[in-house]
Amino acid sequence: MQRPGTIVRRTRIATWNVNSIKARTRVVTRWLEAETPEVLLLQETKCSEELFPRPEFEDLGYRIETVGQKGYNGVAVMSRAAFTVERRRLPGHPGDDEARYIEGLVELPTEGRRKPRELRVVSLYVPNGNPAGSESFLYKIDWLKRLIDHARQLLKETEPLILGGDFNVAPTDADVYDPSLFGNDALCHPEIRARFRELLTAGFTDVVAAHYPAPGNYTFWDYQDRAWPKNHGWRIDHLLLSPRALALLADCGIDKKPRGMQQPSDHVPVWCDLRL
DNA sequence: ATGCCTACTACAAGTAGA
């Protein structure tokens, strides 16, 4: 616990599926100004690397690394601290060219004159996979298997690790507003949930689930059918922390405010604060 | 309910998202 008078640096790491970075430039810059995260992991940027609106974010002090694709998918990392890209594709399938994965090392500033602390971060966008049983569903299963294999390798490294992103998995029935409607949906499917549990068992903590076990902590509300005002949501965006990252955890949460603003993404940011 | 909303792409009452 923090003693009175002790200065503790708040290092915020967040993830956000923005549903087009070009359409969301203003919403995201405002959020960065208000929340000042050290690192923001982005998904569904929906634009090529050349067309990414860099200056708007660089002006706020963020460096940007992105894996882009025209019109679909797209992930990025925005960081105020030095960031080095380690991987631009999820290993395990050389023919998979979809822009769904970026991994790298951040040099996080620490208190006083201590050396910066290295943190490995991954911004990932798991395939949607609907409808169940389709080609797209098989791709999702395969993608999650590759993620589990790779994450096991990353856990052998010494630095703390955070997997953040749109997992397109509602881990339990408490993570969907009406589970009776979506039993066979690719976001709730037993086979998909089993893969997600396997990932956790490999050594990760879903920090929001651990701190806010009650139902209703959603991160996504469909644009259709007035889902937001009715709170018809899903919890599908997650921050998974390795044991070494968990040891640094001070706080975490879901910031629902951006869903109620003008021209919102259908997802909201999920964040965690580390104590360094 | 083959709908509903939003973004993208490029003119198709198209696709994808979840």
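Residues numbered from 1 in each chain as written. Chains lettered and ligands numbered in written order. Predicted model: local features only at pLDDT ≥ 70, side-chain atom pairs only at ≥ 80, totals over all residues. Heavy atoms only, no water.

## What to know about the overall build of chain A
Argument step 1. Within chain A one finds six helices and 14 strands.
Argument step 2. For 276 residues, the compact-globule formula gives about 19 Å, and the C-alpha radius of gyration of chain A, at 18 Å, lands near that figure.
Argument step 3. Taken along its principal axes, the extent of the C-alpha atoms in chain A is 55 × 40 × 40 Å.
Argument step 4. Evaluated residue by residue, chain A yields a buried proportion of 54% over its 276 residues.
Argument step 5. Contacts in chain A between residues at least 24 apart in sequence constitute 69% of all its contacts with a sequence separation of at least 6.
Argument step 6. The averaged location of the 38 negative side-chain charges in chain A is 4 Å from the averaged location of its 38 positive side-chain charges. (Helix = DSSP H or I, 4+ residues; strand = E, 2+ residues; numbered from the N terminus. Rg over C-alpha atoms; globule rule 2.2 N^0.38 Å. Buried < 20%, exposed > 50% of the residue type's maximum accessible area, 1.4 Å probe, protein only. Contact = heavy atoms within 4.5 Å. Lys, Arg positive; Asp, Glu negative; His and termini not counted. Charge placed at Lys NZ, Arg CZ, Asp CG, Glu CD.)

## Some remarks on unusual backbone geometry
Argument step 1. Cis geometry is found at the peptide bond from Asn 130 to Pro 131, where omega equals -5°.
Argument step 2. With respect to the secondary-structure elements, Pro 131 resides in the loop between β7 (117-125) and α3 (135-154).
Argument step 3. Backbone geometry places Asp 225, a non-glycine residue, at a positive phi of 60°.
Argument step 4. Structurally, the position occupied by Asp 225 is in the loop between β10 (220-221) and β11 (233-234).
Argument step 5. Under the relative-accessibility criterion, Asp 225 is labelled exposed at 60%.

## Some words on the protein's contact with DNA strand B
Argument step 1. If you check the shell around DNA strand B, you find 19 residues, and the closest are Ser 20, Glu 44, Tyr 125, Asn 128 and Leu 187.
Argument step 2. Within 4 Å of the protein, the atoms of DNA strand B are drawn from sugar and phosphate moieties in a proportion of 71%.
Argument step 3. Between DNA strand B and the protein, one listed contact pairs a phosphate oxygen with a side-chain N or O atom of Ser 20 at 2.4 Å.
Argument step 4. When grouped by side-chain class, the residues that make up the surface near DNA strand B number six nonpolar, eight polar and five charged. (Near = heavy atom within 4 Å. Polar contact = N/O pair within 3.5 Å; in protein donor to acceptor, adjacent residues only side chain to side chain. Nonpolar A, V, L, I, M, F, W, Y, C, P; charged D, E, K, R; others polar.)

## Details of the nonpolar core
Argument step 1. Counting residues in each nonpolar core, the largest one holds 33 residues, and the members touching the most others are Ile 162, Leu 241, Cys 272 and Leu 274.
Argument step 2. Elements supplying a minimum of two residues to this core: β2 (39-43), β4 (75-79), β6 (101-108), β7, α5 (207-211), β12 (237-241), β13 (249-254) and β14 (270-275).
Argument step 3. Ile 141, Ile 192, Phe 196 and Phe 204 belong to the second-largest nonpolar core, a separate cluster that totals 24 residues. (Core = buried A, V, L, I, M, F, W, Y, C linked by side-chain atoms within 4.5 Å.)

## Some remarks on the packing of aromatic side chains
Argument step 1. Counted according to the given criterion, the structure contains seven aromatic pairs.
Argument step 2. Between Phe 167 and Phe 196, the ring centres sit 5.8 Å apart and the planes meet at 85°, which makes this aromatic pair edge-to-face. On the criterion of sequence distance, the pair formed by Phe 167 in the loop between β8 (161-166) and α4 (190-201) and Phe 196 in helix α4 is long-range, its members being 29 residues apart. Phe 196 matches Phe 167 in its accessibility class, with the two residues each being buried.
Argument step 3. Members of the aromatic cluster, each reached through a chain of ring pairs, are Tyr 177, Phe 182 and Trp 234.
Argument step 4. Positioned above the aromatic ring of Trp 271 is the side chain of Arg 12, whose terminal nitrogen or guanidinium carbon lies 3.9 Å from the ring centre. (Phe/Tyr/Trp six-rings, centres within 6.5 Å; stacked < 30°, edge-to-face > 60°. Lys NZ or Arg CZ within 6 Å of the ring centre and 35° of its normal.)

## Focus: the environment of Leu 240
Argument step 1. For Leu 240, the location among the structural elements is in strand β12.
Argument step 2. Along the sequence, Leu 240 and Val 207 sit 33 residues apart, while their C-alpha atoms lie 6.4 Å from each other.
Argument step 3. Once residues within four sequence positions are removed from consideration, Leu 240 is found in contact with Leu 161, Ile 162, Leu 163, Phe 167, Phe 196, Leu 199, Leu 200, Phe 204, Thr 205 and Asp 206.

## A short note on the pairing of β14
Argument step 1. Of all six residues in β14, five are buried; the element is thus mostly enclosed.
Argument step 2. Bridge analysis of strand β1 (residues 10-17) against β14 gives six bridges, and the strand direction is antiparallel. Its bridge partner being in β14, Thr 15 is matched across the sheet by Val 270.
Argument step 3. Examined bridge by bridge, β13 and β14 share five bridges and lie antiparallel to one another. Its bridge partner being in β14, Ile 254 is matched across the sheet by Val 270. (Pairing = 2+ DSSP bridges.)

## Thoughts on the pattern of salt bridges
Argument step 1. Evaluated as defined, the whole model comprises 20 salt bridges.
Argument step 2. One salt bridge connects Asp 96 with Arg 146, and the closest N-O pair in it is separated by 2.9 Å. Of the two residues, Asp 96 is situated in the loop between β5 (83-87) and β6 and Arg 146 in helix α3; the sequence distance between them amounts to 50 residues.
Argument step 3. Residue classification places Arg 146 among the buried positions, given a relative accessible area of 7%. (Salt bridge = Lys/Arg side-chain N within 4 Å of Asp/Glu carboxyl O.)

## Points about the sheet that holds β13
Argument step 1. The strand order β3-β4-β2-β1-β14-β13 describes an open sheet built from six strands, whose pairing is mixed. The outermost strands of the open sheet, each flanked by one partner alone, are β3 (63-67) and β13. The sheet shows a mean angle of 15° between the axes of neighbouring strands, direction not considered.
Argument step 2. As paired elements, β1 and β2 share five bridges and run parallel to each other. (Axes fitted to C-alpha atoms, helices over the stretch in contact; angles between N-to-C directions.)

As far as function goes, none of this settles anything; it's purely spatial.
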